[in-house]
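Architecture at a glance
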Amino acid sequence: MVITRLTVVLTVLAVAVILYGSVQAFDQPSQDSGQKRADIIKIDGMKSFGNLERSGVVFLHDLHTSALQKVDKDCTACHLSDNSKLSLKFKRLKDTSKNEVMNIYHDNCISCHVEVAGKGDKSGPTTCGECHVKTSAYVASGQPPTFDKSLHYRHSKSQENKCELCHHEYDNSTKKLIYKEGQEGSCRYCHKDVNEENRMSMKSASHIACIDCHQKTLKNKMEAGPVQCGGCHDPDSPNTINRTDIKNIVDVPRMERKQPDFTMVKTDVNDKEQKGVMDSVPFDHKAHEGYNDSCIVCHHKDLTSCSSCHSIEGKKEGGFISLEQVMHNPDAKESCVGCHESKKKDKDCAGCHELMGKHSNNSSNCGKCHMEQVGNMKEATTSHKSKTDKSARLAEMMLKSRTPITATYNDEDIPEKILIKDLSNKYEPVEFPHRKIVKALVNNINNNKLASYFHAEKGTICQGCHHNTPPGKQPPRCVSCHVKQAQDKGSFKIGLMGAYHLQCMGCHKEMGMEKPVSCTDCHKEKAHEPKK
């Protein structure tokens, strides 16, 4: 009896091991085990009917597309047509009921796999546990594609500037999509991350429209964009639309949208005389187009001016965020200050600016943007008829009146070397190559327009180390503020040794410098004096 029971237990265990092994063998196929893929789709739409009874299914879309192409089948093998465009849903146009959707997947997927296997070809799973696995062997690596101005130009050129092929808006009166010439905006302005009322999400809209166009173009034996996931979402794919080497060889012409080259950003559009408010900001719109990949970086909601939504007091259209806040928020990429702060993270700038902190700006910087007119600039604009032209001409003159700072003091005003011996009780004094470092910092930003216009004086570069002091040829030594002995706990000032090390090592780290790595890279060991 004991032997019989033991035999049963072993038999059950053996069957369990075989079944478990078969599932694991499929979950981790030898060729793709642990592989990162950009075509992973999680089939879990059933959760719209309630909690899932089993895990969602990890579906490799490009794998199936390629398999269909080998037997001369296309997307219509799985996707139905809806108003001449393929539905994103599998074998259906709508999610009708839980059982009906579930049966669509089970019946069609399993029958296809069985049919393929019956022909002796490699096929997919046919049992529940093979699809509904808790842990997938694949890792999703797909990235959202960037429809930047380079990609926009390629589309515009291939479609012979027929903007109406992509751009549209909804007309409430006719309940139809219409095209308005001259009012083309980003798809993102209407299509958000999720479906809203009668507008599909950006994800759905782009997949339906883009893939449909690419497919129809290919059918006409013409060159077209990708139709598989990897073509848009896999940055490592040789055919991906966002390959950096493709973008770099394209000299993208300026996008013509009747935008100004220059303009005045008014601080209060309702105050014609601009009384009691900050001076307007002359803005080089054309130059800023070149600094960004897309208009949506600044025009995040539509292509109108910032003041359309953001007033001095704030209004509903702009979420009651005032114009001052929207322009000066250091943490928002859409704001002027936020964008400029992000540029300071470049390693040529970060050595000084990261240690200063993003909130170190003082009121003296306001005038860098809110410029005062000099001379008779306003009178010089009288020959221009429209207010827009006058404003543009005034902004251009004001910006060109600036004097960029691209150098610092002469060599004779910069000490070549400085001997730091305040902490020489253990090591030899440090011979600091002062002039060499100053020159390196200046050379790094020599072609940086942002630095040349925002560094107020020749001594501004010195403030990278001599912080919290006015620029000048003879800034105070570190020991002027940081004493040799560490301050009491709670003091806001750090001691001299801490100040040196934080400043020097912090700068090296932010600039990506590999040295120094040890104390003796800067401090020579102190020779021991012979005993007498």
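These notes cover the structure that comes with them. (Residues numbered from 1 in each chain as written. Predicted model: local features only at pLDDT ≥ 70, side-chain atom pairs only at ≥ 80, totals over all residues. Heavy atoms only, no water.)

1. Brief notes about the overall build of the protein
Just so we agree on the cut-off: Each helix is a run of H or I in the DSSP string that is no shorter than four residues. Each strand is a run of E no shorter than two, and both are numbered from the N terminus. Classification of residues uses two cut-offs on accessible area relative to the type maximum, computed with a 1.4 Å probe and protein chains only: under 20% is buried, over 50% is exposed, and between them is partly exposed. Contact criterion: two residues are considered in contact whenever any of their non-hydrogen atoms come within 4.5 Å of each other. To be clear on the numbers: accessible area is Shrake-Rupley with a 1.4 Å probe, and residue cover counts the displayed protein chains and nothing else.
Looking only at helices and strands, one finds 17 helices and 12 strands in the protein. Here the protein holds 532 residues, and 26% of them are scored as buried. Here the contacts in the protein between residues at least 6 apart in sequence split such that 51% fall between residues at least 24 apart. Just so you have it, the protein exposes about 37,100 Å², and 55% of that area is on carbon and sulfur atoms.

2. So, the pattern of salt bridges
Note the threshold: Note on definitions: salt bridges are taken to be side-chain nitrogens of Lys or Arg within 4 Å of carboxyl oxygens of Asp or Glu.
The final tally for this structure, using the stated rule, is 22 salt bridges. Of the charged contacts, one joins lysine 119 and glutamate 115 as a salt bridge, the two residues approaching to 3.7 Å between their closest N and O atoms. Overall, lysine 119 belongs to the exposed group, its relative accessible area being 60%. Through salt bridges with shared partners, one network takes in Lys89, Arg92 and Asp95.

3. Description of unusual backbone geometry
Backbone torsion omega between lysine 515 and proline 516 reads 0°, so that peptide bond is classified as cis. With respect to the element layout, proline 516 can be found in the segment after helix H17 (496–510). Not every positive phi belongs to a glycine, and lysine 221 is a case in point at roughly 60°. Turning to its location among the elements, lysine 221 is positioned in the loop between helix H6 (202–219) and helix H7 (229–233). Lysine 221 sits in the exposed class, given a relative accessible area of 79%.

4. Observations regarding the packing of aromatic side chains
Remark: the centre distance and the inter-plane angle together describe each pair of aromatic rings, the angle taken between the planes. Which entries qualify depends on this criterion: A pair of aromatic rings is counted whenever rings of Phe, Tyr or Trp (Trp by its six-membered ring) have centres within 6.5 Å, and the orientation is called stacked for planes under 30 degrees apart, edge-to-face for over 60 and tilted otherwise. By definition here, charges over rings are those cases where NZ of Lys or CZ of Arg is within 6 Å of the ring centre and within 35 degrees of the ring normal.
Taken as a whole and judged by the stated rule, the model has 1 aromatic pair. For the pair phenylalanine 90 and tyrosine 105, a centre-to-centre distance of 5.3 Å together with 20° between the ring planes defines the contact as stacked. Of this pair, phenylalanine 90 sits in the loop between strand E5 (85–86) and helix H3 (98–118) while tyrosine 105 is found in helix H3, placing the two residues 15 residues apart along the sequence. Assigned by exposure class, phenylalanine 90 and tyrosine 105 land together as buried. For arginine 402, the ring lying beneath its charged end belongs to tyrosine 453, and the centroid distance is 3.7 Å.

5. Describing the state of the cysteines
What counts, and what does not: What counts as a disulfide here is a pair of cysteine sulfur atoms lying within 2.5 Å.
A full pass over the atoms with the stated rule returns 0 disulfides. Lacking any disulfide linkage, cysteine 478 is separated from the closest cysteine sulfur, that of cysteine 465, by 7.7 Å. Accessibility expressed as a relative area gives 32% for cysteine 478, which makes it partly exposed.

6. Points about H17
Keep this limit in mind: What a helix is expected to span follows from its residue count: subtract one and scale by 1.5 Å. Note: the arc covers the axis-to-C-beta directions of the helix.
The end-to-end C-alpha distance of H17 is 21 Å, a good match for the 21 Å that 15 residues give at a rise of 1.5 Å each. Here H17 has its buried residues at Leu496, Ala499, Tyr500, Gln503, Gly506 and Cys507. Along the long axis of H17, the arc covered by the buried residues comes to 165°, so they all point the same way. What points out from H17, more than 90 degrees from its buried face, is the exposed set Leu502, Met505 and Lys509. Buried residues in H17 make contact with helix H12 (347–356) and strand E11 (418–420). Immediately beyond the C-terminal end of H17, within one or two residues, lies glycine 512, with a positive phi of roughly 75°.

7. Topic: the packing of H12 against H17
What counts here: A fitted line through C-alpha atoms serves as each axis, taken over the contacting stretch for helices, and the angle formed by two N-to-C directions is quoted from 0 to 180°. In this scheme, a crossing is called left-handed if the near helix is turned counterclockwise away from the far one by less than a right angle; it is called right-handed if the turn is clockwise.
Taken N-terminus to C-terminus, the directions of H12 and H17 make an angle of 145°; their axes are 8 Å apart at the nearest point. Here H12 runs over H17; the crossing is right-handed. Between H12 and H17, the contacting residues are Lys347, Ala350, Gly351, Glu354 and Leu355 on the first element and Leu502, Gln503, Gly506, Cys507 and Glu510 on the second.

8. What about the nonpolar core?
For the record, the criterion: The criterion is simple. A nonpolar core is a set of buried Ala, Val, Leu, Ile, Met, Phe, Trp, Tyr and Cys residues joined through side-chain atoms within 4.5 Å.
In this structure, Cys349, Tyr409, Ile414, Val438, Leu441, Val442, Ile445, Ala451, Ile461, Cys462, Cys507 and Met511 together form the largest nonpolar core, which totals 12 residues. No other element matches helix H15 (residues 434–444), which puts 3 residues into this core. Not counting chain neighbours up to four residues away, the residues in contact with leucine 441 comprise Ile461 and Met511. Membership of the second largest hydrophobic core comes to 9 residues, among which are Met264, Leu394, Ala395 and Met397.

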